[in-house]
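# Close look at the chain arrangement
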Amino acid sequence: MVNGKEAAAHIVPETLFCLWQGGTWYIFYLPSMALPALGYPWAQEEALLLHDLFLFLTRRVLTGVTTGQRQVTVQQGPLYRTEGSHVTLWCKVSGYQGPAEQNFQWSIYLPSAPEREVQIVSTVDPSFPYAIYTQRVRGRGIFVERLRGDAVLLHISELQERDAGQYECHTPNTDERYFGSYSARTSLSVIPDTLSASMAPQALTLMEGDAVELTCEVSKSTAQHTHLSVGWYLLQGAAEHRVQEILTLSKDFILKPGPSYEQRFLEGDVQLNKVGNTTYKLLIRGVKPSDQGQLYCEAAEWIEDPDGTWQDISSKKTERTSLAVVSQGRDLPVDITAAESSLDEGDTLQLSCVVGAPKSSSRHFRVTWLLNEMEVARVDPHGVLIWEEEYQERAKLGQLQAFKPSNTVYVLTIYEVGLEDKGTYQCSVSEMNSPGDLHSIQSNVSSGIQVNVKPAGVGLHATLRSRIATVSYGQSFELFCQVDASYTLEEVPASVQWLFQPSPPTGPLQELVQLSPSGTVVWRTAQPHFQGKAQLAKTGTSFKLHIHSALPANQGTYQCEVQVWRRNSLPLGQPAASTSSNAVGIKVVLPESKLQVATTDSSVEIAGGNAAIECRIVFAQNNSQFAVTWYLLPLLADATPLQIIRASYSSIQEYGSEFSSPALKSRFLSQRVSSNTFQLQILSAAPRDEGRYYCVVEEWLWLVDGWYKLGEGASGRTTLKFRPPEHQLQMESTNHSISAREGEEVTLPCRLQGALQPGTQPSATWFQVRSSGRDNALLTLHQDGAVEYPQERLAARLFLRRRSAGDFSLTLGSVERGDAGAYYCQLQAWQQHSQGKDWHLQALAQSGYTQLITIPPESTVLSRICSSPPLLNFILYLPLVLILLLALAVFCWYCKFRKKKKGNITGWMMELEGNEEVKKT
């Protein structure tokens, strides 16, 4: 009994809950228990208790189990993008410790070398990109956009076929320990751009109310499943922001009208029909003046990415069709007049536009001035004047003016007309219902009036020449700007402006210096090193630029511009005439390099210890400085030279990417041992350092304004060999393979067969095979017992668990997909001379190759259950269904019991009443 009531109870069957978090399935088990029947207050409390228990366990997983576990996520692949398109790939990291702003490094694994990492771009290391990507990264063809501290986008502009491959996003560790994933990969395929869209260009002139039909041919032959969208657009004016959408057939096969055409689309006056497989037709009934402009078709190709989103991989625009709509204009006559239509440069042009409409005072007009059918200025119904961009500067200087004397008269004035102002002028008038309306109710365009502008300087021409085109360093040279005109040049004011563009070009020609009509010389700041080295002069109709003691900075392209002025327009007016000369290139030749580097091949053979490779300068100028770069050419036939270290002329050292680890930096040193001899020191040389070494010497010279490279020379090859030891170590050389599941631990065997010679110490180095010719050293056990990790990022996962003196097997922890590949070990036996610390190689051997194959994580029964939504829903909802059925059965039994009990009571009372009646009688 509960509160005086009988409590029915039912049994909740045992329940299984699954939760996916951070790449792991978590299973919660709730045993069977008794609950009161539904309908009683404390049954609800028990249900809430179960709900709270599940929430507690879920929060425990979300906040406790995965705290501090780093997780790198990259955009899901495979992705398909077309050549020439702009591609973005996102990458984010979570569960990290350290600063809020994480760093990201992007690499690619090409199909031709799927095990070789090619570095592309980094947010922290400018020297990270390999040579094939350096130029594109510097030119922002490839760059990383940071969305927030722990998320970025990789941008690739103008995608190339060679950009296909596996992209890896790596986040350098900022945690106290390695825990989680630090990189993730996605696949990108580059497919041909097969989309095409075409429409025959036309120039149509229709009367208002006519119909227009345009046809667009769209096709594609992409092998992947893609969708097309086709749209029609209207461009009014030259500015791209005035593009209006007419009607579009989306990739989902839905017709969507633009805002200005929505009502006409609903009324059936604007239609888009597909005729056949590749033909799309646009139909506009009852064209209006607002339809006037340039019409074109644009098609886009869309592909669905693995994450379910659609991406446009290509878009094409057709050529434009010009549509002119002639308004009926029955009550909107427009006339244009000019005070004078034949002018000289510098004269004033005044145009008047008159609207002869009845009841004009209560009507609203928008007037647009046109020159050669291009907009010049616009006056809205409020009288607000708007100039087109190319006329705004002249309007600010007071050279242009437009105003509205009345509601029917509009005036355009151009002061000091130039040759660019000649052509056909018109005014277009549109009537609005109200001043704020965007669409006109009718429009009309005036007839055209031809304005001719005669140049004041007919026949003005300038020619630039130089006696010599190639100048030695320190030599002077002159440039002559010869001016020819059909009038006497000495009688009018003239100015000359000299322009210069350095070589190689860094942009357009820049103003160097200007000689005004009054003889004033004004130097510009763009090229300050010319001032003090250049002189200007004028003789008759020729201008001269004289450069003293040419420097490399004077090399480039020169040009002169000549302007002729009216005497009454100085100093603020426009020139009466101007002309630009031809361009002349001047080359400044540096002093000849005398550098000679010894090119004789040689060899160095050592048994151990340190090795020295020499690079000798045979001859050079006394005041030169040298930069030396050392290279290693592996012994493979087709190996690519690897840069070891470069020492600049200012002694700044920079290591190549293959030698940038701290362990290798401490072993490879470049030094200058005499005025003409450089040495590459290899400390603690080992057999893995065998190869052909050479240097490239650059000669640099200070020439007044900076350091310049005069030349360079490469030395001969020096082959470094290890003297064959007296003994050979015995070890297994058979090739074999090992399979390991991702996340597990694997041991790669390397065992010595037999014992070492007395008095010798072993050393062992493990390598991973690389296609560059120099395999990656992963771990080295030195003869003194010290362990070195050349690959620092792998240090936490590499172990030498030596179970015996001859066991040098390598254990690789938490196997990753990128660990797949070939591995081998080298063993050496060393003996130390009693008189010194040098070690000499006594014996060596190399193991066979071990091919490591990685296997994805194992799929368990529980993971299969939880990864199948139908099965998981069945398991989760089955207990609830059983509970409801049981509750329904209890309720039905209870109702039946109440009804039966009530019937018994009624019968018993009727029996009592009958007995009472009997007693009364």
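Computed from a predicted structure; not experimentally measured.

How each quantity is defined
Residues numbered from 1 in each chain as written. Predicted model: local features only at pLDDT ≥ 70, side-chain atom pairs only at ≥ 80, totals over all residues. Heavy atoms only, no water. Helix = DSSP H or I, 4+ residues; strand = E, 2+ residues; numbered from the N terminus. Contact = heavy atoms within 4.5 Å. Areas by Shrake-Rupley, 256 points an atom, 1.4 Å probe, with all protein chains shown as cover. Buried < 20%, exposed > 50% of the residue type's maximum accessible area, 1.4 Å probe, protein only. Pairing = 2+ DSSP bridges. Axes fitted to C-alpha atoms, helices over the stretch in contact; angles between N-to-C directions. Phe/Tyr/Trp six-rings, centres within 6.5 Å; stacked < 30°, edge-to-face > 60°. Lys NZ or Arg CZ within 6 Å of the ring centre and 35° of its normal. Arc of directions from axis to C-beta. pLDDT = per-residue confidence, 0-100. Disulfide = S-S within 2.5 Å. Salt bridge = Lys/Arg side-chain N within 4 Å of Asp/Glu carboxyl O. Patch = residues over 30% accessible without salt bridge, like charges linked within 9 Å, V, L, I, M, F, W, Y side chains within 5 Å.

### A few points about the overall build of the protein chain
- Tallying secondary structure elements over the protein chain gives seven helices and 68 strands in all.
- Taking as baseline every contact in the protein chain between residues at least 6 positions apart, the subset at least 24 positions apart corresponds to 61%.
- Entry remark: accessible area of the protein chain is about 48900 Å², with carbon and sulfur atoms responsible for 52%.

### Details of the pairing of strand β35 (residues 449-454)
- Only one face of β35 is buried, namely the one carrying Ile449, Val451 and Val453, since none of Gln450, Asn452 and Lys454 on the opposite face is buried.
- Bridging between strand β26 (residues 342-344) and β35 involves three bridges; their strand directions are parallel. In the sheet register, Ser342 faces β35, and the bridge partner there is Asn452.
- Two elements, strand β33 (residues 423-432) and β35, share three bridges in a ladder whose sense is antiparallel. Paired with Gly423 across the strands is Val451, a residue of β35.

### Let's talk about the environment of Gly383
- Residue placement: Gly383 occurs in the loop between β29 (374-379) and β30 (385-387).
- A relative accessible area of 36% means that Gly383 is categorised as partly exposed.
- Gly383 sits 23 residues away from Ser406 along the chain, and the two C-alpha atoms are 9.8 Å apart.

### Some points on the sheet that holds strand β10 (residues 142-148)
- Reading across from one edge, β5-β7-β11-β10 is the order of the four strands in this open sheet, with antiparallel pairing throughout. Either end of the sheet is taken by a strand with one partner, and the two such strands are β5 (71-74) and β10. Neighbouring strand axes in the sheet, compared pairwise and without regard to direction, differ in orientation by 20° on average.
- When β5 meets strand β7 (residues 87-94), the two strands line up antiparallel, connected through four bridges. The residue bridging Val74 from the neighbouring strand is Cys91, located in β7.

### Overview of unusual backbone geometry
- For the bond running from Gly77 to Pro78, omega is 0°, close enough to zero to count as cis.
- Within the secondary structure, Pro78 is located in the loop between β5 and β6 (79-82).
- With an omega of 0°, the peptide bond running from Ser503 to Pro504 counts as cis.
- Mapped onto the secondary structure, Pro504 falls in the loop between β39 (494-502) and β40 (510-515).
- With a phi angle near 65°, Arg140 is a residue other than glycine that sits in the positive phi range.
- Within the secondary structure, Arg140 is located in the loop between α2 (131-138) and β10.

### Notes on the sheet that holds strand β12 (residues 165-170)
- Strands sit in the order β6-β13-β12-β8-β9 across an open sheet of five strands; the sheet is mixed. In this open sheet, the two strands that pair with only one neighbour each are β6 and β9 (118-122). On average, each strand axis in the sheet is tilted by 30° relative to the strand beside it, whichever way the strands run.
- Across five bridges, the pairing between strand β8 (residues 105-109) and β12 is antiparallel. The partner of Ile108 across the bridge, within β12, is Tyr167.
- The strands touched by α2 within the sheet are β8 and β9, with β9 carrying the most contacts at an inclination of about 20°.

### Some remarks on the packing of aromatic side chains
- Going through the model one piece at a time under the given rule, you end up with 13 aromatic pairs.
- Measuring from ring centre to ring centre gives 6.3 Å for Phe530 and Tyr558, while their planes differ by 80°; the resulting arrangement is edge-to-face. Highlighted residues: Phe530 in the loop between β41 (521-523) and β42 (534-539) and Tyr558 in strand β44 (residues 556-564), separated in sequence by 28 residues.
- We classify Phe530 as buried; its relative accessible area is 0%.
- Put simply, the rings of Phe477, Phe500, Phe530 and Tyr558 pair up and form one aromatic cluster.
- Sitting over the ring of Trp302, Lys251 keeps its end group 4.8 Å from the ring centre.
- The aromatic ring of Phe799 is capped on one face by Arg801, whose charged end is 4.9 Å from the ring centroid.

### Describing helix α4 (residues 389-396)
- Turning to α4, its buried residues are Tyr391, Arg394 and Ala395. The buried residues of α4 occupy one face: seen down the axis, they fall within an arc of 100°. The exposed residues of α4 that point more than 90 degrees off its buried face are Glu389 and Lys396.
- Remark: Gly398 follows α4 within two positions and exhibits a positive phi of approximately 80°.

### Thoughts on the side chain of Ser85
- Along the chain, Ser85 turns up in the loop between β6 and β7.
- Leaving out residues up to four positions away in the same chain, Ser85 has contacts with Ile156, Ser157, Glu158, Leu159 and Ile313.

### Details of the confidence of the model for the protein chain
- In this model, the protein chain carries an average pLDDT of 83, and 86% of its residues clear a pLDDT of 70 or more.
- Low pLDDT, under 50, characterises residues 19-67; the stretch is placed with 78 contacts to residues that sit more than four places away or in other chains.

### With respect to the state of the cysteines
- Within the structure shown, the criterion is met by six disulfides.
- Of all cysteine sulfurs, the one in Cys895 lies closest to Cys892, which takes part in no disulfide; the gap is 6.5 Å.
- You can call Cys892 partly exposed: its relative accessible area is 45%.

### Digging into the pattern of salt bridges
- Evaluation of the coordinates by the stated rule reveals 24 salt bridges.
- A salt bridge links Arg81 to Asp305; the nearest nitrogen and oxygen atoms lie 2.9 Å apart. Placement of the pair is Arg81 in strand β6 and Asp305 in the loop between β22 (293-304) and β23 (310-317), with a sequence separation of 224 residues. Pair check on accessibility: Arg81 and Asp305 agree, each one buried.
- Of the charged contacts, one joins Glu511 and Arg524 as a salt bridge, the two residues approaching to 2.9 Å between their closest N and O atoms. A residue pair is termed long-range when its members are at least 10 positions apart, and Glu511 in strand β40 and Arg524 in the loop between β41 and β42 qualify at 13 residues.
- We classify Glu511 as partly exposed; its relative accessible area is 36%.
- Through salt bridges with shared partners, a single ionic network connects Arg394, Glu420 and Asp421.

### Digging into the environment of Tyr849
- Checked against the element boundaries, Tyr849 lands in the loop between β67 (839-846) and β68 (850-855).
- Between the C-alpha atom of Tyr849 and that of Gln768, which follows or precedes it by 81 residues, the distance is 9.5 Å.
- Excluding residues that lie within four positions of it along the chain, Tyr849 makes contacts with Thr734, Asn735, His736, Val769, Ala822, Tyr823 and Tyr824.

### Here we look at a nonpolar patch on the surface
- On the surface, a cluster of nonpolar side chains totalling about 860 Å² of accessible area is made up of Leu871, Phe874, Tyr877, Leu878, Leu880, Val881, Leu882, Leu884 and Leu885.
- Along the chain, the position of Phe874 falls in helix α7 (residues 869-920).

### A short note on α2
- All buried positions along α2 are accounted for by Tyr133, Arg136 and Val137. Summarising the axial view, the buried residues of α2 lie within an arc of 100°, below the 170-degree limit, and thus occupy one face. Away from the buried face of α2 by more than 90 degrees, exposed residues Ala131, Gln135 and Arg138 are located.
- Those residues of α2 that are buried are in contact with β8, β9, β10 and β11 (151-156).
- Backbone geometry just after α2 places Arg140 at a positive phi near 65°.

### Description of the pairing of strand β38 (residues 477-484)
- Taking burial as the measure, the eight residues of β38 include six buried ones, the bulk of the element.
- Alignment of strand β36 (residues 461-466) against β38, held across six bridges, turns out to be antiparallel. Of the residues in β38, the one forming a bridge with His461 is Asp484.
- Pairing analysis gives six bridges linking β38 to strand β43 (residues 542-547), with the strands arranged antiparallel. Bridging across to β43, Glu478 finds its partner in His546.

### Here's the deal with the environment of Thr88
- Tracing the sequence through the fold places Thr88 in strand β7.
- By relative accessible area, Thr88 is classed as partly exposed at 30%.

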